[in-house]
Structures are given as structure tokens and as C-alpha cells.
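# Chains, contacts and geometry: an overview
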Amino acid sequence: MHRYLPRILALISLSLLAACAQTPVPFVPPDQRIRPSSESPWPEGRVLTLAYHGVEDYEADQTFMSVRTANLIDQFALLREQGYQAVSVDQILAARQPQGKPLPPKAVLLSFDDGYSSFYERVLPILKAYQWPAILAPVGAWMDTPSDQKVDFGGQPVNRRHFTTREQIRAIVDSGLVEIGAHTDNLHFGAPANPQGSMLPAAANRLYLDAQGRYETLAEFRRRLTNDVARITDKITQVTGKPPRVWVWPYGAANGTALEIVEQQGYQLALTLADGLSDYRSLRNGARILLTNDPGIEEFSANIAAVQKTPMIRVAHVDLDYIYDDDPARMEANLGIVVQRIADLGINRVFLQAFADPDGDGTVRSLYFPNRHLPMRADLFNRTAWQLKTRAGVEVYAWMPVLAFDLDDSLPRVERWNPATGQHDIDPDQYRRLSPFDPHVRQQIGEIYEDLAGHAYFYGLLYHDDALLSDYEDVGEAAMQAYRAAGLPDDIDALRGDPQTLHKWTRFKSRYLIDFTHELTARVHAVRGPVVKTARNIFAQPILNPQSETWFAQNLDDFLSAYDWTAPMAMPLMEGVATGQASEWLAALVGEVAKRPGALQRTVFELQTHDWRGGGDTPIDATVIAGWMRDLQRQGVRNFGYYPDDAFTEHPSLDAIRPVMSTAWFPKP
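Quick notes on the rules
- Residues numbered from 1 in each chain as written.
- Predicted model: local features only at pLDDT ≥ 70, side-chain atom pairs only at ≥ 80, totals over all residues.
- Heavy atoms only, no water.
- Salt bridge = Lys/Arg side-chain N within 4 Å of Asp/Glu carboxyl O.
- Helix = DSSP H or I, 4+ residues; strand = E, 2+ residues; numbered from the N terminus.
- Buried < 20%, exposed > 50% of the residue type's maximum accessible area, 1.4 Å probe, protein only.
- Axes fitted to C-alpha atoms, helices over the stretch in contact; angles between N-to-C directions.
- Parallel < 35°, antiparallel > 145°, perpendicular 65-115°, else oblique.
- Left-handed = near helix turned anticlockwise from the far one by under 90°.
- Contact = heavy atoms within 4.5 Å.
- Nonpolar A, V, L, I, M, F, W, Y, C, P; charged D, E, K, R; others polar.

With that settled, the discussion passes to the pattern of salt bridges. Across all of its chains, the model carries 39 salt bridges by this definition. When the shortest N-O distance is used, the salt bridge between R166 and D144 registers 2.8 Å. Taken together, the residues R166 in helix 6 (residues 166-174) and D144 in the loop between helix 5 (140-143) and strand 7 (151-153) connect sequence positions 22 residues apart. The shortest N-O distance in the salt bridge between R372 and E450 comes to 3.0 Å. Of the two residues, R372 is situated in the loop between strand 21 (366-367) and helix 12 (381-392) and E450 in helix 13 (residues 439-455); the sequence distance between them amounts to 78 residues. Taking the relative accessible area as the measure of exposure, E450 reaches 23% and is therefore partly exposed. When salt bridges with common partners are traced through the structure, they connect D144, R166, D185, D228, R231 and K235 into a single cluster.

Let's shift gears to the packing of helix 2 (residues 69-81) against helix 4 (residues 117-130). The contact between helix 2 and helix 4 brings their axes to 11 Å, and the two run at 25°. Taken as axis vectors, helix 2 and helix 4 run roughly parallel relative to one another. The handedness of the crossing between helix 2 and helix 4 comes out as right-handed. Facing helix 2, whose interface residues are T69, L72, I73, F76, A77 and R80, helix 4 presents R122, V123, I126, L127 and Y130. The residue inventory of the contact of helix 2 with helix 4, partitioned by class, reads eight nonpolar, one polar and two charged.

The next thing to look at is the environment of L374. By the element assignment, L374 lies in the loop between strand 21 and helix 12. Sequence separation between L374 and F405 is 31 residues; the distance between their C-alpha atoms is 8.6 Å. Look past the residues within four positions of L374 in its chain and what remains in contact with it is V364, R365, S366, L367, F405, D406, L407 and I448.

Further remarks concern unusual backbone geometry. Across the junction of E473 and D474, the peptide omega takes the value -10°, indicating a cis bond. With respect to the helices and strands, D474 occurs in the loop between strand 25 (460-463) and helix 14 (477-485). Looking along the chain, the bond that leaves H651 and enters P652 is cis, with omega of -5°. Relative to the assigned elements, P652 resides in the loop between strand 31 (640-645) and helix 22 (654-661). Of note, Q131 is a non-glycine position whose phi angle comes to about 60°, a positive value. With respect to the secondary-structure elements, Q131 resides in the loop between helix 4 and strand 6 (134-138). With a phi close to 55°, E650 is a non-glycine residue in the positive phi region.

Here the focus is the environment of P250. Secondary-structure assignment places P250 in the loop between strand 14 (246-248) and helix 8 (256-264). When the C-alpha positions of P250 and A204 are compared, they lie 8.5 Å apart, and in sequence the two are 46 residues distant. Every residue in contact with P250, bar those within four places of it in the chain, is listed here: H183, T184, L187, H188, P201 and A203.

Have a look at this one:
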């Protein structure tokens, strides 16, 4: 799925095209339709967690993300009337135990961040009236600011009266209803996290030290976090008489390295601002709904009802190669053009290229982030990802190769058996891939992923379509050793000698590639945090013709169970389908996915915006692309996108695709 797709056409031309018979939209009886999430049973052990901040009687000052007291009272009343039951930290921790008492259905955890004095003045009396437990998470430095000084509120001086004192916190604890959590000691601010000066949450990112022209080292980051966690832990212990058990991330931004430190210092829950219900069976899964802009009761009710809803995904692929320029000023201007276009599209996801491929040959020789193994073309990925999040309001997936890195020549590449010559060689019509069976390869690629996680913000990972092995690959020495260890023959003739052995070999390779991506995911989670989602591209043929797993080592059912999102390459022209038959082909592709219960809710279909047939690179008319999008929607597809988006030629045109693709209720004309 890239500019160099003509090379892949040679492989696809060998595969069997699925039948493209017209598939009408099926009628589904009402009793067989998917139930709305709001009508689904409450999932066992899950908790609705609400993230409040300030509470004011009159003016809901959004400097402090305040809600008005009257609205808070209405919200609590609604929760009670709809059967929600407030639970305490003690209940959650007890439910984790093997014989612990389960949490009640519709459990709700109330949390209040930053430690505002309004909690003592307004919230505590309401909690006492309801006898509902809650969490209050103050910032140590704000709590300890002297009464005659201003609080440094993320660089803004704020009157000390807005924040709780130690005496107020003691009175809050004496109520027996409130758990005091930690919101860092003094890391609730944004700090420069790249050479361009992007301000990212200081508790979750390694900082860029501009005066020294370098990034904070991992050791420096660990030391900074360790000291901060120790200080806030000590302060809360002094005030309450017991160490805190709940860590609340500033801005909801988690970090895997910091989580390790937090866990080492005794914390048992960590709260983010990730979407959905919380799964508190471990430290790491504290999703919350952020209550901001003082929601009225209708908006609040809608937010609560939608908490189990699977998000609708609309995505554009963005190539950093389009943004890159030798002139930093020109590159920054290019970035602005791209961010504005994505904002105008009204979508909610971007698959952002983290690697450089200016030659378009699929071999990754440089990257767009600091790393240990390849040159950095420009420190551009983190800057672009953060600009897209903060200015365009989209979540960014780091689009990364799995095997096609141009690392040291001594590392083994994927070798195929050439049936014409009987020799081993590297397939000239395929990606030049490193062999995943070699431990040194896996180690170095893993370190590249760790470096990405250590130097950039991103919401998810998209594993590129280079993770494939044909029915003649891999036959290198490391691969043969792996087959032998798995009880397979270590001879190509024997591996292909009968259908049963060939199938076992295929399944072994399919699972091996998935296990390798899981290994990479674990490395990213360890650094960036467990909230990072995963997606993986899959070619169309393994969906349309399951027997073609042999040619790709890709399997739809495997992907659906292995990743948060599966991204089928819904590219009819790339598959050799005539333009007039593209709609039928898309219907067949969707139909195969839809045979799996719930699969359409976990797939993102990716269309093509260029025609690469015959080695060309011709833009496809935007009205045709919009028509394909409508075809997908008629088949029940909610999640789709396209590759590539070109902001500089304005293709595909916004006028054509925005009405079909935008997630807004009223997209711009």
C-alpha cells in the first residue's frame, strides 16, 4: 500500500481473483440485527470511570475544566436513576482477587483531577448526601504552594485559593469516602519534546534539551520520573497517613516506562483518558470519560450511553515524504498545509508514515525519528503526529514496516526457492525483507520500535503489508532452523511435497509473523504504554480466497483475533479488476469479512486513490473514490479510508469525498 505497489502486482497476478458476482445488500430480520451498544449487557468486571476537574456554582471556567454544581447534581441523579452504582478503590482491588467479590453491574468510579478547593467546598457535601466514594488527585506542587503566592498552573499564575490545602485534604479523608490519588508532584505541564518545540505532557515524554541539542536519555527520564513519583508519594502519605494507591496521568497521557516506576512504588491503579470502559484487572487499563465544557444533562446522558460504542473510523494515509524538504521553513509550511487539509476532511484517524522511502522501492533506508540503527532523514514524525492531534483533532497511528529495513548486510534477508533454477535467491519482484527467523534481525527491529516509542507520541501502530512470506519463502538458514525446531522438514521439497505439510508450513509462517508483531507491540507498550492500539494491513486475496494464505502467510481470522484493527487493502484496480466491476468486487470482499460475527466492527477498509497498473501512478477521479466509499457503506461498512492523501495536488478533492467520509454530522460543502 504505497507508491511502489507496481512491484506487488507481479505477486498478485499469480493469485486467483475471487468471483465478482453482484451481491445485493441483504435484508436482516430485526431479531438478527446487531444490538446497539447502549442496549448490550454490561460487560463483567468493567467500570465506567468519569474524570471531573473543577466544580463552580455560577461560571463554569474552562481554565479548570469546570462543571456547574447544578449540572453535577443532575448528573449524579441521572446515574442513580439509571442504576449506576458508585464503587470505591477498595471494591475494585478486592474484585481483582481470585475469590474477591465481583463488582456490581454498571459500576461507576468518580474521579476529580488537579485537587481544586471546589472539591472540598462543593463536591464533598454531595458525596456525603449520596454516600458515594470518589478519588481526588492533587498535584503536589500546587497543594504545597504558600497561601500568599500564585500557583504555577502549567505556566499560568493562578490564585492559590483555587487549590486544596493539606488541611482540607485531611478533612476530605476523614469523610471516609474519598481516596487521595497522585497527579504527579510537579509534572503537570507541557514541555518541549522535539527540536521544533512541540509541547507534550512532561510526565509521559522524553524531553528535548534545546540548550544541549539533544533528547533526554532514558536514564535521565527514569530519574526525573522516579524522583517526582517519590515526592508526591511522600507528600500524600504525610497528609493522609497512608501511601497513595491511584496514579492519575496529567492530560491522560500514559507512558510505559513511567508505569513501571509507578508500579514499583506501590501504585495499584493508573487512570488515563482513553476511550471506553475501564478494565481494572491490572494496573494499566484505567480508561475514563473526560467531562469538560460543562455538559448539560442531555449531552452527559449521550456520552454515558455511548461508552460501549465502537468508534467509527475514517482514516487517511499521509506520507511524510510529501512533507519533507531540505529547507526547514519549507518543511514547516508543508506540514501546515497537510494539517489544515486533514482538519478540513473531518476525519478522526491518520495512518502516518514513520519511515522514509523517497525512491519508492520499498526498502527503508532512513527514518523520521531518532534511532539506533538507521539514518534519520529528519526529526519529523513526532512533530507531525502532535500537530495532527492538537490542531486537526485526529488520532495518529505510526505506519511502520515489519521486515523491509535496510540494516547491515551481514543480517540475513528472506530467501526464496527459485523453481526455475533450483537455487536460493531474493525475490526481485517483492520487498527486500530481513528474515524474521534470525534473532539478531528481531533484536534490531525491536530496538527501532523502542526508539520510535521513546521519541514520539502516537495513538496506535499500523503494521505495513511487507510482513508476508510466499509459498517459496523463507528458505534461508535461520528459517530452516526454525522449521526444524517446530517439527517441520528443513528441506524445501519436503515442505512443499504434500498438501498437508504445505498447509502446516503455511500456518507456521502466518503465526510466526503475528508473534513477531506481538513482540514489537510489547516493546512499544513497555516504553509508550499499554494504551497504544494495533492495526495490520492484509492483502485482499487471503480474504477472498483463503487458500491464498499459502502465497502470503496472512489469514483474516488470525488478524481479527490478533490486532485491535484489521486493515484490508480494498484496492480493486491493484488486483486487476476492471473499473466497471470494482463495485461488485468490493461487495464480494466485504461479504467475506461480514461472514465473521462482529468482523465489520474491527476492520478498516482501505481504498486506493491512484491506479498503479502497468507500472503507472495515475490519480483516480475523486468521484469514483467517493462512489466506492458509498459502495462500502451500502454493504454495512462503517470504517474505511484511503491511500495516499496528497495535500499538495489536493487529491482526492475535498468537495468529492468529504461529504461521504467526514465523521461530522454536517460536513462542510
